[in-house]
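Architecture at a glance
Listed here are the chains, written in short residue letters.
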Amino acid sequence: MNLYLVGYRCTGKTNVGRMLAKAMVWTFVDMDHELVTEAGMPIEEMVDSRGWKYFREREGKLLQRLSQATKQVISTGGGVVTVPENIAIMRGSGKVVWLHASPDTIAARMEADRNTAGQRPPLHGNDSVVEIEEVLAERLPLYDEAMHLQVETDSLTAEEVTESIVRWLKALSSE
């Protein structure tokens, strides 16, 4: 089994993923980092030069490869759920946890994390809160379809999110 973390940008997938992997003594994989390493260019450059379709195809191939192993905590890209096959891959090879936050929380976290701006190219070119609201409106049903567990991260620290997921996993394993 693998554990897949899904959700919009800046909902805590990477930080929580690292903590979960450490707590579970599993391997941590950040899909965006893997894609950048494989392509030899930042995501923004990949999308600018090849387009979102190309990026999503590479992302799907990476997800397929990762799903062949086990005992991994995988931080996915925010849009991984936009491809139906990806949802099937994740649900078929593990549990999916949706880290959810409000548009205002996401915008504040993005503003505070300027170091990763190049990893997060604009999707619609609108004001950040407007873009977040628009993209979330499209993706909420997809995250809902994909997930086994939803965790609201607005008022929780990464440690608290991690603890709640670990408790949930322990409850699952005792069923």
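Scope of this entry: the structure provided in the associated data block. Since the structure is predicted, the reported quantities are computational estimates derived from the model, not experimental observations. Each chain carries its own residue numbering, running from 1 in the written order of its sequence. Confidence filtering applies because this is a predicted model: local features only for residues at pLDDT of at least 70, side-chain atom pairs given and counted only at 80 or more, and all residues used for totals across whole chains, interfaces and linings. For side-chain calculations, the full set of non-hydrogen atoms in the structure is used, while hydrogens and water are omitted.

Moving on, we get to the sheet that holds strand S1 (residues 2–6). Spatial ordering of the open sheet is given by S2-S3-S1-S4-S5, a layout of 5 strands whose pairing is parallel. Two strands close off the open sheet at either side, each with one partner strand: strand S2 (27–30) and strand S5 (149–152). Across the sheet, the mean angle from the axis of one strand to that of its neighbour is 20°, orientation sign disregarded. In this description, contact between two residues means that some pair of their heavy atoms is separated by no more than 4.5 Å. What counts as an axis is a line fitted to C-alpha atoms, over the stretch in contact for a helix, and the angles between N-to-C directions run from 0 to 180 degrees. For the purposes of this entry, the term helix denotes a DSSP run of H or I that reaches at least four residues, the term strand denotes a run of E that reaches at least two, and both are numbered from the N terminus. Taken strand by strand, helix H8 (residues 158–173) contacts S1, strand S4 (94–100) and S5, and its axis lies near 150° from that of S4. Pairing between strands requires that DSSP locate at least two bridges from one strand to the other.

The subject of this paragraph is the nonpolar core. Nonpolar cores are built from buried Ala, Val, Leu, Ile, Met, Phe, Trp, Tyr and Cys residues. Side-chain atoms within 4.5 Å join them into one set. Each residue is placed in one exposure class: buried if its accessible area under a 1.4 Å probe, protein chains only, is under 20% of its type's maximum, exposed if it is over 50%, and partly exposed if it falls in between. In this structure, Val6, Tyr8, Val81 and Met90 are the most contacted members of the largest nonpolar core, which totals 34 residues. Counting residues per element, this core draws most heavily on helix H7 (residues 128–146), at 5 residues. Leave out the neighbours within four places in its chain, and Val6 touches Lys13, Thr76, Val80, Val81, Met90, Val96, Val97, Trp98, Leu99 and Tyr143. With 16 residues, the next largest nonpolar core counts Leu20, Trp26, Val97 and Leu169 among its residues.

We now examine the pattern of salt bridges. For this analysis, a salt bridge means a side-chain nitrogen from Lys or Arg found within 4 Å of a carboxyl oxygen belonging to Asp or Glu. Enumeration according to the criterion identifies 5 salt bridges in this entry. Note that Arg58 and Glu38 form a salt bridge whose closest N and O atoms lie 3.8 Å from each other. Of this pair, Arg58 sits in helix H4 (residues 52–66) while Glu38 sits in helix H2 (residues 31–39), and the two are 20 residues apart along the sequence. With a closest N to O distance of 2.9 Å, Glu59 and Arg56 form a salt bridge. Of this pair, Glu59 and Arg56 both sit in helix H4, 3 residues apart, which is roughly one turn of that helix. A single burial state applies to Glu59 and to Arg56, both of which are buried. Shared partners join several salt bridges into a network, and the residues in it are Glu38, Arg58 and Arg65.

A surface patch of negative charge is lined by Asp104, Glu133, Glu134, Glu138, Glu152 and Asp154. Among the elements that take part in the negative patch, H7 stands out by supplying 3 residues, more than any other. For Glu133, the position within the fold is in helix H7. To count toward a patch, a residue needs a relative accessible area above 30% and no salt bridge. Like charges then connect within 9 Å, nonpolar side chains (Val, Leu, Ile, Met, Phe, Trp, Tyr) within 5 Å. Note that accessible areas follow from Shrake-Rupley with a 1.4 Å probe, and for residues the cover is restricted to the protein chains shown. For the charge count, each Lys or Arg is scored as positive and each Asp or Glu as negative, with His and the chain ends excluded. Taken as the charge centre is NZ of Lys, CZ of Arg, CG of Asp or CD of Glu, depending on the residue.

A separate point is the packing of H2 against H4. Between H2 and H4, the least distance of the axes is 10 Å, while the angle of their chain directions is 110°. Relative to H4, the element H2 is oriented roughly perpendicular. Considering only the axes of H2 and H4, their crossing is right-handed. Taking contact as the criterion, the partners of Met31, Asp32, Glu34, Leu35, Glu38 and Ala39 in H2 are, on H4, Phe55, Arg58, Glu59, Leu62, Leu63, Arg65 and Leu66. Orientation labels follow simple angle bins: below 35 degrees gives roughly parallel, above 145 gives roughly antiparallel, 65 to 115 gives roughly perpendicular, and whatever is left gives oblique. Each helix crossing is assigned a hand: it is left-handed if the near helix lies turned anticlockwise from the far helix by less than a right angle, otherwise right-handed if that turn is clockwise.

Geometric values such as these leave the question of function open.
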